[in-house]
Structures are given as C-alpha cells and as structure tokens.
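Residues per chain, in single letters:
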Amino acid sequence: MAALDMAIILWRNQKMINEVAAIYGIELGYWSRIKLIRSIIVNVIYAGSTEVITDLGTQLLSVEMTGKLSTRIAQGLGGGLLTARLGYQAMNLCRPIAFTSKNKPKLTQVHQHLLGELTQFTSSIRPATKLSLRIK
C-alpha cells in the first residue's frame, strides 16, 4: 500500500504542477522544476513513511476501527497540506507578478477547508457505523 500511495502522490503532484503552469500559460524552467521536484520528493517520502508507520502501528497495537480511521484522517490532512504548499510554490514560480501580503494565499485557509471536509465526511460515516453495530 505504501508504494501505491507514493506513486499516486507523485502522479498527482506532477499533474498539479503542469496544470498550474498551463493556467499561467508558461513552461517551467529547469531550476524551477528542480525546486518543485524536491518538494514532490518530500511529499512522496511523507506519504510512504506515514503509510508504513500507520500499518505497523495499527497491527502492533491492535487499534480498533475508529483509531484506524482517525489515523488515516490525520495522514490525509498532512498530505493535503503538503500538496497545497507545493501548489503555492508552483504558483509563486509561475506568476509574473509576485503576491502581496493582502492577496497571498495562506495554508490556514486550506487547513480549515480540509478539516471541514474531513469532519463532514466522518460525520456522514459515523451514523452508518453505529447502525450496523446495532444490527449485529
């Protein structure tokens, strides 16, 4: 699973960088790509290591389903924030005009949005889980 997760992160991050460059109508230069590829490598290492640690931890500790779910949510939130940071780096390299302090995107906005989506997702799962437990 870790290798699959790492491959997906690599593919999605590369695709995002290419889409950001296409939106701005430019082709990234050599050094810009190198800078962004370093960030992609950090994201891939994060995805792989958290996947391995999560699998080992849940197997060794015999964590229940809610513990596994909360671990996966935290892992997704961390990966999402790293990907958002990479997207902002790509935007900074592609923009002809630098961001000002007023219009610069912030990770706190992304963090709040991701956390809201994850909360909504888990709340939609929770009632179904309680219902299935009662039936059994």
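Look up a bit, the structure's there.
All figures in this text were calculated on a predicted structure; none of them were measured in a lab.

Engineer: Looking at this structure, I do not really get the overall build of the protein. What am I missing?
Structural biologist: Within the protein, the secondary structure is distributed over four helices and zero strands. Relative to its full complement of 136 residues, the protein shows a buried share of 26%. Restricting the contact set of the protein to residue pairs at least 6 apart, pairs at least 24 apart contribute 72%. Of the roughly 9,600 Å² that the protein leaves accessible, carbon and sulfur atoms contribute 65%.

Engineer: What am I meant to see in the side chain of serine 39 here?
Structural biologist: Looking at the secondary structure, you find serine 39 in helix α2 (residues 30–61). Apart from the residues within four sequence positions on either side, serine 39 is in contact with Leu86 and Gln89.

Engineer: Whenever I open this one, the nonpolar core confuses me. Can you help?
Structural biologist: A general tendency of soluble globular proteins is for nonpolar side chains to be buried together. One finds Ile9, Ile17, Val20, Ala21, Leu28, Leu36, Ile40, Val44, Ala47, Leu86, Ala90 and Cys94 forming the largest nonpolar core, which totals 12 residues. Elements with a contribution of two residues or more to this core: α1 (2–24), α2 and α3 (65–94). Setting aside chain neighbours within four positions, we find valine 44 in contact with Met6, Ile9 and Leu10.

Engineer: In this structure, what is going on with the side chain of asparagine 13? I would like to understand it.
Structural biologist: Within the fold, asparagine 13 resides in helix α1. On the basis of relative accessibility, which here comes to 1%, the residue asparagine 13 falls in the buried class. Here threonine 83 takes part through its side chain, which lies 3.5 Å from a polar atom of the side chain of asparagine 13. When neighbours within four sequence positions are excluded, asparagine 13 is seen to be in contact with Ile40, Asn43, Thr83 and Leu86.

Engineer: Can you help me understand α1 in this one?
Structural biologist: Along an α-helix, residues three or four apart share an orientation, since each turn contains 3.6 residues. With 23 residues, α1 extends 33 Å between its outermost C-alpha atoms, agreeing within 8% with the 33 Å of an ideal straight helix rising 1.5 Å per residue. Inspection of α1 places Ala2, Ile9, Asn13, Ile17, Val20 and Ala21 among the buried residues, and these make up the whole buried set. Following α1 by one or two positions, glycine 25 has its phi on the positive side, about 70°.

Engineer: Mind showing me how you'd approach a nonpolar patch on the surface here?
Structural biologist: Together, Met1, Leu4, Ile8 and Trp11 line one region of the surface with nonpolar side chains, adding up to about 480 Å² of accessible area. Within the element layout of this structure, leucine 4 appears in helix α1.

Engineer: Even after reading the chapter, I still don't get the environment of valine 20, so can you show me in this structure?
Structural biologist: Tracing the sequence through the fold places valine 20 in helix α1. Overall, the relative accessible area of 12% leaves valine 20 in the buried class. For valine 20 and cysteine 94, which are 74 residues apart along the polypeptide, the C-alpha to C-alpha distance reads 7.6 Å.

Engineer: Sorry, what's going on with the packing of aromatic side chains here?
Structural biologist: Pairs of aromatic rings are described using the distance from one ring centre to the other and the angle between the two planes. Applying the stated rule across the entire model yields one aromatic pair. Where tyrosine 30 meets tryptophan 31, the ring centres are 5.0 Å apart and the plane angle is 75°; that geometry is what we call edge-to-face. A single burial state applies to tyrosine 30 and to tryptophan 31, both of which are exposed. A cation over an aromatic ring shows up here: arginine 95 above the ring of phenylalanine 99, its NZ or CZ 4.0 Å from the ring centre.

Engineer: Can you help me understand the pattern of salt bridges in this one?
Structural biologist: Scanning the entire structure with this criterion turns up two salt bridges. A salt bridge links glutamate 19 to lysine 15; the shortest N-O distance between them is 3.7 Å. A residue pair is termed a helical-turn pair when its members lie 3 or 4 positions apart in one helix, as glutamate 19 and lysine 15 do in helix α1 at four residues. Overall, the relative accessible area of 42% leaves glutamate 19 in the partly exposed class. Ionic pairing is found between glutamate 27 and arginine 33, a salt bridge with its closest N-O pair at 3.7 Å. Owing to a relative accessible area of 67%, glutamate 27 belongs among the exposed residues under this scheme. Of the residues examined, arginine 33 reaches a relative accessible area of 24% and is grouped as partly exposed.

Rules behind the numbers
Residues numbered from 1 in each chain as written. Predicted model: local features only at pLDDT ≥ 70, side-chain atom pairs only at ≥ 80, totals over all residues. Heavy atoms only, no water. Helix = DSSP H or I, 4+ residues; strand = E, 2+ residues; numbered from the N terminus. Buried < 20%, exposed > 50% of the residue type's maximum accessible area, 1.4 Å probe, protein only. Contact = heavy atoms within 4.5 Å. Areas by Shrake-Rupley, 256 points an atom, 1.4 Å probe, with all protein chains shown as cover. Core = buried A, V, L, I, M, F, W, Y, C linked by side-chain atoms within 4.5 Å. Polar contact = N/O pair within 3.5 Å; in protein donor to acceptor, adjacent residues only side chain to side chain. Expected span 1.5 Å × (residues − 1). Patch = residues over 30% accessible without salt bridge, like charges linked within 9 Å, V, L, I, M, F, W, Y side chains within 5 Å. Salt bridge = Lys/Arg side-chain N within 4 Å of Asp/Glu carboxyl O. Phe/Tyr/Trp six-rings, centres within 6.5 Å; stacked < 30°, edge-to-face > 60°. Lys NZ or Arg CZ within 6 Å of the ring centre and 35° of its normal.

Any link to function would need more than the numbers given here.
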